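Commentary on secondary and tertiary structure
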Amino acid sequence: MPPMPRARNLLLPAGAFAATLLLLGAPGPGGERGKAAPFPLKDGYYVRPVYFVAGDETPSDPAWKAKLQTMFILFRRFYAEEMKRNGFGYREFNMEAEADGRPRIYLVRGKKKALEYRGKPEPGKQEGRGDAGIIQAELEEIFDKDKSLVVVMASFSPWIGGRHVTPHTRGGYAFVGDADAYIPGSFERDFLRFLSPTVEGQMAIFKDMSVPKNPADPSKGWTTAAIASARIGGTAHEIAHALGAQHAAEGTDLIGFGMYSFRDYFLPPPGKPRPPAASCHVGPGYALLYGNSAFFRPETAYADQTDPDLDVEIPFVLPGQPIPFKISGSDAGSGPALVGIDFEGVTKHIEDLRKSEKRFAYEYSLKPDKPLAPGMHQAGVCLWDKASLRTYAYPSFRVVRKVPPVPPPPSLDPREVVYLEDDLEVVKWDTAGPDKSTGSGGEWCWSGVYKASGKRGIVHPTEAGKQKDIFLFSAPKSLSLKPGDQLTFYVYVDPNDRPETIAVSWFKNTWGWSTTAYWGADRLVNWDKSRPTRVRMGDLPSGKGWVRLAVPPAAVGMDGKAVGGIQLQAVGGGNVFWDRFGKLPRRP
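Presented here is an overview of the structure given in this document. Note that this is a predicted model, so its numbers are computed, not measured.

Some details on the overall build of the protein
- Secondary structure summary: the protein contains eight helices and 26 strands in total.
- Among the 588 residues that make up the protein, the fraction classed as buried is 59%.
- Considering only residue pairs separated by 6 or more positions, the protein has 74% of its internal contacts joining residues 24 or more positions apart.
- Total accessible area on the protein stands at roughly 23600 Å², and carbon and sulfur atoms take up 52% of it.

Here we look at the packing of aromatic side chains
- Throughout the structure, instances matching the rule amount to 30 aromatic pairs.
- Aromatic side chains Phe206 and Phe266 sit 6.4 Å apart centroid to centroid with 25° between the ring planes, which places their arrangement in the stacked category. With Phe206 in helix H5 (residues 199-206) and Phe266 in helix H7 (residues 262-266), the pair connects residues that are 60 residues apart, well separated along the chain.
- Classification of Phe206 as buried rests on a relative accessible area of 0%.

Re unusual backbone geometry
- The phi torsion at Glu344 lies on the positive side, around 55°, for a residue other than glycine.
- Within the secondary structure, Glu344 is located in the loop between strand E7 (336-343) and strand E8 (346-352).
- One non-glycine residue, Arg580, adopts positive backbone phi at about 55°.
- Summarising the element assignment, Arg580 is placed in strand E26 (residues 574-584).

Notes on helix H1 (residues 64-85)
- The end-to-end C-alpha distance of H1, which contains 22 residues, comes to 32 Å, matching closely the 32 Å that a straight helix rising 1.5 Å per residue would cover.
- After H1 finishes, the residue Gly87 shows a positive phi value of roughly 90°.

As for the packing of H5 against helix H6 (residues 224-242)
- Running from N to C, H5 and H6 cross one another at 120°; their axes reach a closest spacing of 7 Å. One way to sum up the angle between H5 and H6 is to call them oblique. In this structure, H5 contributes Gln202, Ile205 and Phe206 to the contact, and H6 contributes Thr224, Ala225, Ala228, Ser229 and Ile232.
- For the contact of H5 with H6, a count of residues per class yields five nonpolar, three polar and no charged.

Quick notes on the environment of Met537
- Along the chain, the position of Met537 falls in strand E23 (residues 534-538).
- Separated by 21 residues in the primary sequence, Met537 and Thr516 place their C-alpha atoms 9.7 Å from one another.
- If we ignore the near neighbours within four places in the chain, the residues touching Met537 are Ala517, Tyr518, Trp519, Val551 and Pro552.

Here's the deal with the sheet that holds strand E9 (residues 359-366)
- The antiparallel open sheet is built from three strands, whose spatial order is E5-E6-E9. A strand with exactly one partner marks an edge of an open sheet, and here the two such strands are strand E5 (309-313) and E9. Along the sheet, successive strands turn relative to each other by an average axial angle of 20°, direction set aside.
- Of the pairings in the sheet, the one linking strand E6 (residues 323-330) to E9 comprises eight bridges and is antiparallel in character. Within the sheet, the bridge partner assigned to Phe325 lies in E9 and is Tyr364.

Concerning the pattern of salt bridges
- Applying the stated criterion across every chain yields a total of 24 salt bridges.
- Glu500 is the partner of Arg523 in a salt bridge, and the nearest nitrogen-oxygen pair spans 2.8 Å. You can see Arg523 sitting in the loop between strand E22 (516-520) and E23 and its partner Glu500 sitting in the loop between strand E20 (486-493) and strand E21 (501-508), a full 23 residues away along the chain.
- Overall, the relative accessible area of 31% leaves Glu500 in the partly exposed class.
- Residues joined by salt bridges that share partners form a network here, namely Asp413, Arg415, Glu416, Glu421, Arg548 and Arg580.

Topic: the nonpolar core
- One finds Phe72, Phe262 and Tyr290 to be the most contacted residues of the largest nonpolar core, which totals 61 residues.
- Aside from chain neighbours lying at most four places away, what touches Phe262 is Phe75, Phe78, Phe206, Ser229, Ile232, Gly233, Ala236, Leu254 and Cys280.

Focus on empty space enclosed by the protein
- Taken as a whole and judged by the stated rule, the model has three cavities of 30 Å³ or more.
- The computed volume of the largest cavity comes to approximately 60 Å³.
- Along the wall of the largest cavity there are ten residues; nearest its centre are Leu243, Ser293, Trp384, Ser388 and Arg390.
- Residues that form the lining of the largest cavity fall into these classes: five nonpolar, three polar and two charged.

A look at H5
- Among all positions of H5, only Gly201, Gln202, Met203, Ile205 and Phe206 are buried.
- Summarising the contacts, the buried residues of H5 are in contact with H1, H6 and H7.

Quick word on the pairing of strand E25 (residues 562-571)
- Within E25, ten of the ten residues are buried, which leaves the element mostly enclosed by the surrounding structure.
- Sheet topology places strand E19 (residues 479-480) next to E25; two bridges connect them, and they run antiparallel. Looking across to E25, one finds that Leu479 is bridged to Val563.
- Relative to E25, E21 is paired through eight bridges, and the arrangement is antiparallel. When the sheet's bridge partners are listed, Lys508 is paired in E25 with Val563.

A short note on the side chain of Ser514
- Counting through the fold element by element, Ser514 comes out in the loop between E21 and E22.
- With residues near it in sequence (within four places) discarded, Ser514 still touches Ser505, Trp506, Lys508, Val556 and Met558.

Describing the pairing of E22
- Burial within E22 is extensive, with five of its five residues counted as buried.
- Sheet topology places E21 next to E22; four bridges connect them, and they run antiparallel. Paired with Val504 across the strands is Ala517, a residue of E22.

Criteria and thresholds
- Residues numbered from 1 in each chain as written.
- Predicted model: local features only at pLDDT ≥ 70, side-chain atom pairs only at ≥ 80, totals over all residues.
- Heavy atoms only, no water.
- Helix = DSSP H or I, 4+ residues; strand = E, 2+ residues; numbered from the N terminus.
- Buried < 20%, exposed > 50% of the residue type's maximum accessible area, 1.4 Å probe, protein only.
- Contact = heavy atoms within 4.5 Å.
- Areas by Shrake-Rupley, 256 points an atom, 1.4 Å probe, with all protein chains shown as cover.
- Phe/Tyr/Trp six-rings, centres within 6.5 Å; stacked < 30°, edge-to-face > 60°.
- Expected span 1.5 Å × (residues − 1).
- Axes fitted to C-alpha atoms, helices over the stretch in contact; angles between N-to-C directions.
- Parallel < 35°, antiparallel > 145°, perpendicular 65-115°, else oblique.
- Nonpolar A, V, L, I, M, F, W, Y, C, P; charged D, E, K, R; others polar.
- Pairing = 2+ DSSP bridges.
- Salt bridge = Lys/Arg side-chain N within 4 Å of Asp/Glu carboxyl O.
- Core = buried A, V, L, I, M, F, W, Y, C linked by side-chain atoms within 4.5 Å.
- 1 Å grid on protein atoms, 1.4 Å probe; cavity = no way out; pocket = protein on both sides within 12 Å on 5 of 7 lines; lining within 4 Å.
- Points joined across faces, edges and corners; volume = space filled by probe spheres on them.

By themselves these figures say nothing about function.
Next comes the structure, spelled out in structure tokens:
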């Protein structure tokens, strides 16, 4: 295999597990979108190619529609044959068809001029770096983003800049654009010239070993066949992202680097009807993922509109040891279908859950490709249900030289009123800004081992020199405070790896945060680097076990208020465990 070319935005980073992307445009159903009314769309889940043309431009290649139709004919054949090879039967992804049976390609004329989509040129550049979000916003006026997987290709060359777009449910986008190295680039010059209006003609291009003359092309020296394979395979690769796939650990999978050998699938050696798995292919886990997608199945399977619930726990990991995933979840609608585990930007494992009960527990031990250094790491987990709805979690975990001891449960006061414990909406911030998550993730993790009561507690590892904040909410639940009450929570500090500071703030239902109560050194900052209003309540707990800490509401400006949320902070390395937030009422 020749040296790998620059990806030119064909291979955009996929983000947390199954973060879906966007491509750039395709043509339309015998016509184009008018300025007054959108296209009439058939109801259902469809892959819809869009050829996006700026308002002041027209397609320069008269064969653009036939060429893009041929490309999607090959895509559907590739995916269908690979689904069959993996035991799912010959399944094409859903597309609308023209009267002649060929795939429908939508032509969309933008509301703006090409320069507004490209962006202003940078110094030394002939083209700017456009914002894919402008195109996306226009397309969302036309297509149902929950039921359309929109593959966007454009007549110009916007530089997408790795922008990620995540659909709310099943839909997706995929932007295929050219990097700013194509100066002045265009979809017609740098993409369409490697496509043919017919399948037979495309096979001829796949066999063309000539080197095109294009001094602006950074893949100089590559053959026409290799460039066509990378361009077309890259588009098929981005469709896989929009279907929910993360990059594959196996390099020859389409969602790995198999995009570069896409042509080999259609040009097998003599006597072999299809290439071996050593060539471009779809692995069994991804076939399961695609087979569960709404875009490969009839619409009648999708009455369920309830996202599955997902929790992930990763205990502390020792250097050189596998990562133990403890995954639990439920789906009250169609039931769980599969769970995928992602680490270091690559999907490491996909598990078939179709025979599981609606509430399930699953454990998996992942051996990293190389030993993990001590410190913070993050994984990604995605749970799909049988209706193709999905929920993500991004659990963080810490590699430690010594696992914190598990303390015995504390003695509980029966008078305590519990506000938040096992069922929370959690939002994590650090000093760089917000990072929202409704499941395990964002520098914290659930633990069924380190808990003061209930089903689980919060593991809050930190790093030296950094502050990690967590917000806890359980709307519309609130906690009213009366005179003489005390705000309470349970905390356990790792005796072998102690932070410098721990802190708690309470959110007032009438709006605004309380004064921050902290223990230990005064190291707190807000995310914008300013200093919060704070009061020191004492030294850090000893680390000998779970401790209930109590704060008089008057000390933090919460007297007579109601609690609507809680902020947890830890600074300077070490491990902190939190649980059982509430109040201790005044004795009668």
